[in-house]
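# Secondary and tertiary structure notes
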Amino acid sequence: MFDVREPDEYEESHIPGAILVPLATVPDEVARFATAASNSTIYLVCGSGGRSGRAVSFLRDEGIDAINVDGGTKGWIAANYPVE
């Protein structure tokens, strides 16, 4: 799972194991996403789903199988899933 929020948001709380790749850097990291997607579908998350949705659209246009985590980190927390 990739977290496309800003570093300060990520440091405040994030999904365990999520890798920080801020939205502005997503185009620079296409190869990294492609490598991750070669093994399985990749998931992207942000605060509520807007930024990760834009990143998913971009990556899909690049031919990468990506899914937006519904509700983002806020939804994850509201569902009482673990955070770091």
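Report on the accompanying structure. (Residues numbered from 1 in each chain as written. Predicted model: local features only at pLDDT ≥ 70, side-chain atom pairs only at ≥ 80, totals over all residues. Heavy atoms only, no water.)

## Let's talk about the packing of aromatic side chains
For the structure shown, the criterion picks out two aromatic pairs. Plain terms: the ring middles of Trp 76 and Tyr 81 are 4.8 Å apart, the flat faces sit at 50 degrees to each other, and that makes the pair tilted. Taking the relative accessible area as the measure of exposure, Tyr 81 reaches 47% and is therefore partly exposed. (Phe/Tyr/Trp six-rings, centres within 6.5 Å; stacked < 30°, edge-to-face > 60°. Buried < 20%, exposed > 50% of the residue type's maximum accessible area, 1.4 Å probe, protein only.)

## So, the environment of Leu 20
Within the secondary structure, Leu 20 sits in strand β2 (residues 19-20). On the basis of relative accessibility, which here comes to 24%, the residue Leu 20 falls in the partly exposed class. Remark: the alpha-carbon pair of Leu 20 and Ala 66, spanning 46 residues in sequence, is separated by 15 Å. Sequence-distant contacts of Leu 20, defined by excluding residues within four places in its chain, comprise Asp 3, Arg 5, Glu 6, Pro 7, Tyr 10 and Arg 32. (Helix = DSSP H or I, 4+ residues; strand = E, 2+ residues; numbered from the N terminus. Contact = heavy atoms within 4.5 Å.)

## Here's the deal with the nonpolar core
Across soluble globular proteins, nonpolar side chains show a tendency to be buried alongside one another. Counting 13 residues, the largest nonpolar core has Val 26, Phe 33, Ile 42, Leu 44 and Leu 59 as the members making the most contacts within it. Sorting elements by how many residues they give to this core places helix α3 (residues 50-61) first, with three residues. Leave out the neighbours within four places in its chain, and Leu 44 touches Phe 2, Val 4, Phe 33, Ser 52, Ala 55, Val 56, Leu 59, Ala 66, Ile 67, Asn 68 and Val 69. (Core = buried A, V, L, I, M, F, W, Y, C linked by side-chain atoms within 4.5 Å.)

## As for the pattern of salt bridges
Counted by the stated rule, this structure contains three salt bridges. A salt bridge links Asp 3 to Arg 5, with the shortest nitrogen-to-oxygen separation between them at 2.8 Å. Arg 5 carries the same exposure label as Asp 3, and that label is buried. Between Glu 29 and Arg 32 there is a salt bridge whose closest N-O contact spans 4.0 Å. On the basis of relative accessible area, Arg 32 is assigned to the partly exposed category, the value being 37%. (Salt bridge = Lys/Arg side-chain N within 4 Å of Asp/Glu carboxyl O.)

## A short note on a negative patch on the surface
On the surface, a cluster of negative charge is made up of Glu 6, Asp 8, Glu 11 and Glu 12. By the element assignment, Glu 12 lies in helix α1 (residues 7-12). Classification of Glu 12 as exposed rests on a relative accessible area of 70%. (Patch = residues over 30% accessible without salt bridge, like charges linked within 9 Å, V, L, I, M, F, W, Y side chains within 5 Å. Areas by Shrake-Rupley, 256 points an atom, 1.4 Å probe, with all protein chains shown as cover. Lys, Arg positive; Asp, Glu negative; His and termini not counted. Charge placed at Lys NZ, Arg CZ, Asp CG, Glu CD.)

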